[in-house]
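# Geometric and topological summary
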Amino acid sequence: MAQNKIDINIKGIVKNTKNEPVDGATLFLKDSNSGQIVKQVLSNPDGSFHFAVPSETYILSITYLGALSYQTALPKSSGNTDLGIVKIELNARSLKEVVIESSANKPLIKIEGRKMIYNIERSITAQGTNALESLKKIPGIIVNQDNTITLNGASGALVMINGRQTYLQAEELAQLLKSMSASDLKSVEVIKNPSAEYDAAGTGGIVNLVLKKSMAEGFNGSMNNGIAYGKTLKQNTNINLNFRKGKLNMFGGYNHNFGHFAMDYDNDRTTNGKIYLNSNHDIDKKHSIGSTLGADYAIDTTKTLGVVMNANFSGGGGLIFPITDIYDQATGNLLQILRSKSDYPQQKAHRYNANLNYRYKGSNRTSLDIDADYGIFDAATKNVSTNTFYSPSGAFESSNNFLVANSRNIKLYALKADYGFPIGKGRVSTGAKFSSVAADNVFDQYDMNGSENVIDINLSNTFNYKEQVSAGYLKYETPLAEGLNVDIGLRLENTHSQGDLQPREGSTIPPTSVVRNYLNLFPTAAITYKTTQSGTYNLSFARRIDRPAYNNLNPFSYPVDELSYWKGNPFLKPQYANTLALQYIYKKTTIAVSYTHTTDISNTITEVFQDNLINMIPRNIGFQNNLNLTITQQLSLTKWWNMTITGIAYRLENKVGTVEYGNYNRSRLSGTLNIQQNFNLPGGIIAEAASIWNSKRISSLNTNVKSNSQIDLGLKKNLMQNKATLSLGVSDIFRGNRYNTDTELNNLLLHTTYVGETRQVRLNFSYRFGNNKIKTQDRRESGLENESQRL
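Residues numbered from 1 in each chain as written. Predicted model: local features only at pLDDT ≥ 70, side-chain atom pairs only at ≥ 80, totals over all residues. Heavy atoms only, no water.

A tally of helices and strands in the chain yields 2 helices and 49 strands. The C-alpha atoms of the chain give 28 Å as radius of gyration, which agrees with the globular expectation for 791 residues (28 Å, within 12%). In terms of principal-axis extent, the alpha carbons of the chain reach across some 95 × 60 × 45 Å. Per-residue burial over the chain gives 52% buried out of 791 residues. Counting contacts in the chain only where the partners sit at least 6 residues apart, residues at least 24 apart contribute 66% of the total. (Helix = DSSP H or I, 4+ residues; strand = E, 2+ residues; numbered from the N terminus. Rg over C-alpha atoms; globule rule 2.2 N^0.38 Å. Buried < 20%, exposed > 50% of the residue type's maximum accessible area, 1.4 Å probe, protein only. Contact = heavy atoms within 4.5 Å.)

A cluster of nonpolar side chains, contributed by F219, L241, F243, L248, M250, L293, Y297, I299, L305, V307, M309 and L356, occupies part of the molecular surface with about 1,000 Å² of accessible area. Those elements that provide at least two residues to the nonpolar patch are strand 18 (233–245), strand 19 (248–258), strand 22 (287–298) and strand 23 (303–315). For the nonpolar patch, the leading source of residues is strand 23, giving 3 residues. Structurally, M309 is set in strand 23. Note on M309: relative accessible area 42%, which makes it partly exposed. (Patch = residues over 30% accessible without salt bridge, like charges linked within 9 Å, V, L, I, M, F, W, Y side chains within 5 Å. Areas by Shrake-Rupley, 256 points an atom, 1.4 Å probe, with all protein chains shown as cover. Salt bridge = Lys/Arg side-chain N within 4 Å of Asp/Glu carboxyl O.)

In space, the 6 strands of this open sheet follow the order 9-10-15-16-13-14, with mixed pairing throughout. Every other strand in the sheet has two partners, leaving strand 9 (109–112) and strand 14 (164–165) as the edge strands with one partner each. As paired elements, strand 13 (residues 157–161) and strand 14 share 2 bridges and run antiparallel to each other. Paired with I161 across the bridge in strand 14 is R164. (Pairing = 2+ DSSP bridges.)

The subject of this paragraph is the sheet that holds strand 7 (residues 81–88). Read from one edge to the other, the open sheet built from 3 strands follows the order 4-1-7, with strand pairing classed as mixed. The outermost strands of the open sheet, each flanked by one partner alone, are strand 4 (48–54) and strand 7. Strand-to-strand, the axes of this sheet are offset by a mean angle of 25°, without reference to chain direction. Where strand 1 (residues 7–16) and strand 7 come together, 6 bridges link them in parallel fashion. Across the sheet, residue K11 finds its bridge partner in strand 7, namely D82. (Axes fitted to C-alpha atoms, helices over the stretch in contact; angles between N-to-C directions.)

All right, on to the pattern of salt bridges then. Evaluation of the coordinates by the stated rule reveals 21 salt bridges. Among the ionic pairs, E757 bridges to K234, the shortest N-O distance being 2.6 Å. Residue E757 is located in the loop between strand 47 (748–756) and strand 48 (760–770), and its partner K234 is located in strand 18; the two are separated by 523 residues in the primary sequence. Its relative accessible area of 5% is what places K234 among the buried residues. Among the ionic pairs, D600 bridges to K573, the shortest N-O distance being 3.6 Å. With D600 in strand 37 (residues 589–609) and K573 in the loop between strand 35 (564–567) and strand 36 (575–586), this residue pair connects regions lying 27 residues apart in the sequence. You can call D600 partly exposed: its relative accessible area is 28%. Among the residues examined, K573 registers a relative accessible area of 41% and is labelled partly exposed. Sharing partners across several salt bridges, the network here consists of D199, K433, R491, E493 and R547.

Its identity as a non-glycine residue notwithstanding, N272 has a phi of 50°, on the positive side. Its location among the elements puts N272 in the loop between strand 20 (261–271) and strand 21 (274–284). Under the relative-accessibility criterion, N272 is labelled partly exposed at 40%. We note that R735 has phi near 50°; this positive angle belongs to a residue other than glycine.

Remark: a regular strand shows side chains that alternate across the two faces of the sheet. Most of strand 13 is tucked away, with 5 of its 5 residues classed as buried. Residues A157, V159 and I161 point to one face of strand 13 and L158 and M160 to the other, with burial holding for every one of them. Where strand 13 and strand 16 (residues 205–211) come together, 5 bridges link them in parallel fashion. Within the sheet, the bridge partner assigned to L158 lies in strand 16 and is I206. With antiparallel pairing between neighbouring strands as the criterion, strand 13 and strand 14 make up a hairpin whose turn holds 2 residues, including N162 at a positive phi of roughly 55°.

Within the element layout of this structure, N162 appears in the loop between strand 13 and strand 14. Sequence-wise, N162 and I275 are 113 residues apart; in three dimensions their C-alpha atoms are separated by 48 Å. Reaching out from N162, the side chain makes a polar contact with the backbone nitrogen of L211 at a distance of 3.0 Å. (Polar contact = N/O pair within 3.5 Å; in protein donor to acceptor, adjacent residues only side chain to side chain.)

Within this structure, the stated rule accounts for 14 aromatic pairs. Here the aromatic cluster, defined as three or more aromatic residues joined through ring pairs, consists of F219, Y767 and F769. When the ring centre of Y276 is taken as reference, the NZ or CZ atom of R269 above it lies at 4.2 Å. (Phe/Tyr/Trp six-rings, centres within 6.5 Å; stacked < 30°, edge-to-face > 60°. Lys NZ or Arg CZ within 6 Å of the ring centre and 35° of its normal.)

The next point concerns empty space enclosed by the protein. One simple way to see leftover space: roll a probe sized like a water molecule over the atoms. The full count for this structure, using the stated rule, is 11 cavities of 30 Å³ or more. Roughly 380 Å³ of internal volume is contained in the second largest cavity. Along its surface, the second largest cavity is lined by 24 residues, and N152, K192, Q583, A592 and T630 are the ones closest to its centre. Here the lining of the second largest cavity takes 4 residues from strand 37, the largest share from any one element. Of the residues contributing to the lining of the second largest cavity, the split by class is 10 nonpolar, 11 polar and 3 charged. (1 Å grid on protein atoms, 1.4 Å probe; cavity = no way out; pocket = protein on both sides within 12 Å on 5 of 7 lines; lining within 4 Å. Points joined across faces, edges and corners; volume = space filled by probe spheres on them. Nonpolar A, V, L, I, M, F, W, Y, C, P; charged D, E, K, R; others polar.)

Turning our eyes to something else, we now look at the pairing of strand 37. Two elements, strand 36 and strand 37, share 11 bridges in a ladder whose sense is antiparallel. Bridge pairing in strand 37 links Y584 to I591. Counting the residues in the hairpin turn of strand 36 and strand 37 gives 2 residues, including K587, whose phi is positive at 55°. When strand 37 meets strand 38 (residues 613–638), the two strands line up antiparallel, connected through 20 bridges. Looking across to strand 38, one finds that Y595 is bridged to L627. In this structure, the hairpin formed by strand 37 and strand 38 is closed by a connection of 3 residues, where Q610 is found at a positive phi of approximately 50°.

Note on placement: I124 falls in the loop between strand 10 (115–118) and helix 1 (131–135). Not counting residues within four places of it along the chain, the set of residues in contact with I124 comprises I686, A687, E688, G714, L715, K716 and S727.

Glancing now at the side chain of T752. Among the structural elements, T752 can be located in strand 47. What T752 contacts, discounting residues up to four positions off in sequence, is D266, N267, Y739, N740 and T741.

Quick look at the confidence of the model for the chain now. When the pLDDT values of the chain are averaged, the result is 86; 92% of them are 70 or greater. When the criterion is pLDDT under 50, residues 92–104 qualifies, and its contacts beyond four places in sequence or with other chains add up to 31 contacts. For the stretch residues 776–791, pLDDT sits under 50, and the model shows 81 contacts to residues farther than four places along the chain or on other chains. (pLDDT = per-residue confidence, 0-100.)

Next up, the structure:
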């Protein structure tokens, strides 16, 4: 929108059909060309409202109780405009039909307060992928080769779905996200400094996946089918159905991803005079299926009751073929060859989750949200590992074969309530939450070198972990002056956890029990200043926590292969982060600067033991400073060419002070460049070019990660009177998305490489059927999705 120095005043009074003033209606003034929100106000107790804006053409929208109640185009005026009395219908269901807006009209990136919203449904190249793969497209997010997620260089990002925690560890979360289709995602929200309503977990910030939900009346749905080819053929299907009639809304969905995925990775190390050159070819044969079933019932215009049930399944086999050549470092002579095979006859991860929710939105900006969640995660893995040593000439020397059977059963409970009410011009939000996680982990290792499998009682155990978090918060937000708003909050969380290691009967390993109980305060604050001429400024602060994953607390040692082990640390402490962020928004430009100081930072460290074996163990290593600059620019270069550029520069500094590793600093200036381009081509074809480049960076305690990149291309065309869409995409054309790392720690030199099946050709066809018109915008979302709308 072109800037005009001449300001005009637009005013009016909002009343209902009974000619009563409406207090607390939300009024949006949008640019009629771009659809961007220029200004937002609330109606006063007498129903009056006022805008001071440049002289341009606008669209005025009025929502009340979450429902779109009024919308009209305003002509351009050089003088003040009095709209008089604007009457709205409080019963949103009696509105005239409105055609649902196409996602193509939405900007790729939208900034709302402290929240960056990435409209993933607009991305052509994301279609046919799963939710985990789609996260790689979000500016600032890096999905590492072990499926851990970093945000703007910082680990500890909390991933939520519809505003709800999953309470799953990195490996389990990855399996869940792989069982979700990117076609189900409406958007991905990135929140660096969440306010007090949100759980304090996630020192790196929050990544919230918002799922699609139809607002159309009657019956409607969509179906998406696709195939992909990298090294093998893959197939995905996604079906969504919705029926909305009167007070009742029912919805359901199904998706699956079938196919094998190949990975190649090397782990080369030098320690104690020997060089180990290790290469692995990994074939993952797991299939994933996801499903959703839910219903909302509007008791009246202010109260809604909802239920949502989800089930996600992942299962199938897998094969890994490791080869390790062992050399003498001094002479370079080959000493031994280790040939291994890991056969996974069973890999399953099943998740069931049910949510019951109640929503109340009163006429005086009073609201009450209650959510109850119950979930089960049931996983099991069997690994038959064969390991054979050969001499340099190829002669057999020795072998060791074993079977590992690992099962994980997790039960999740959560109950929360949020209450909000006005005080003067401001609003108070308060609430409480209780969550409980109970995880039972059984690990059995069997010796397979004889005629029968014999359990090794010293290498088998049961680890039970329970964690309960009780929380309460209070937040107050109020305008201080025209365009100036402030909110302050305080969250109190008490954590009680207990981890019990129970060895097998007769084992020489003693039982271990670790009990933790700690109480923390998490203050949050933000001040926002909006101006018509120079943009919007936001200054915010938040304190957050990362609690140790339960498996990281298990002190038992697990074999990865014949030479490598993974071991938990029962004395691992939570890490805490304090973040101060400043954000500036002007038209289509966003600039953000943040500083995060993290104490007791925890990372997985690779250590040498027994001369030639390595242990990977999580430890608290010191503290970290993260200074971050993010610039996002959206450009309309021509009528047919749009571009969104996000550049991120950050400086990480790890300050280590431990008995094992001494005192030293590791720091590096790193950056990320994300460019997304859309082209409107002749014949109604839309093209997309998406590119991501990550510079060299540091990770963990002392790991240097080399730069990597990815370029994706996609084409899309609407067919059958815009009811169908055909898209063709190619991901990672130049296979630049690979990981190369180097670690030097005491007497250990470690070099790793990882190349996944990132280059794929995807063909997808989607079809939308049923009614596409709405009578209401009432967002009766299930679960805790309301949390994602609060900032």
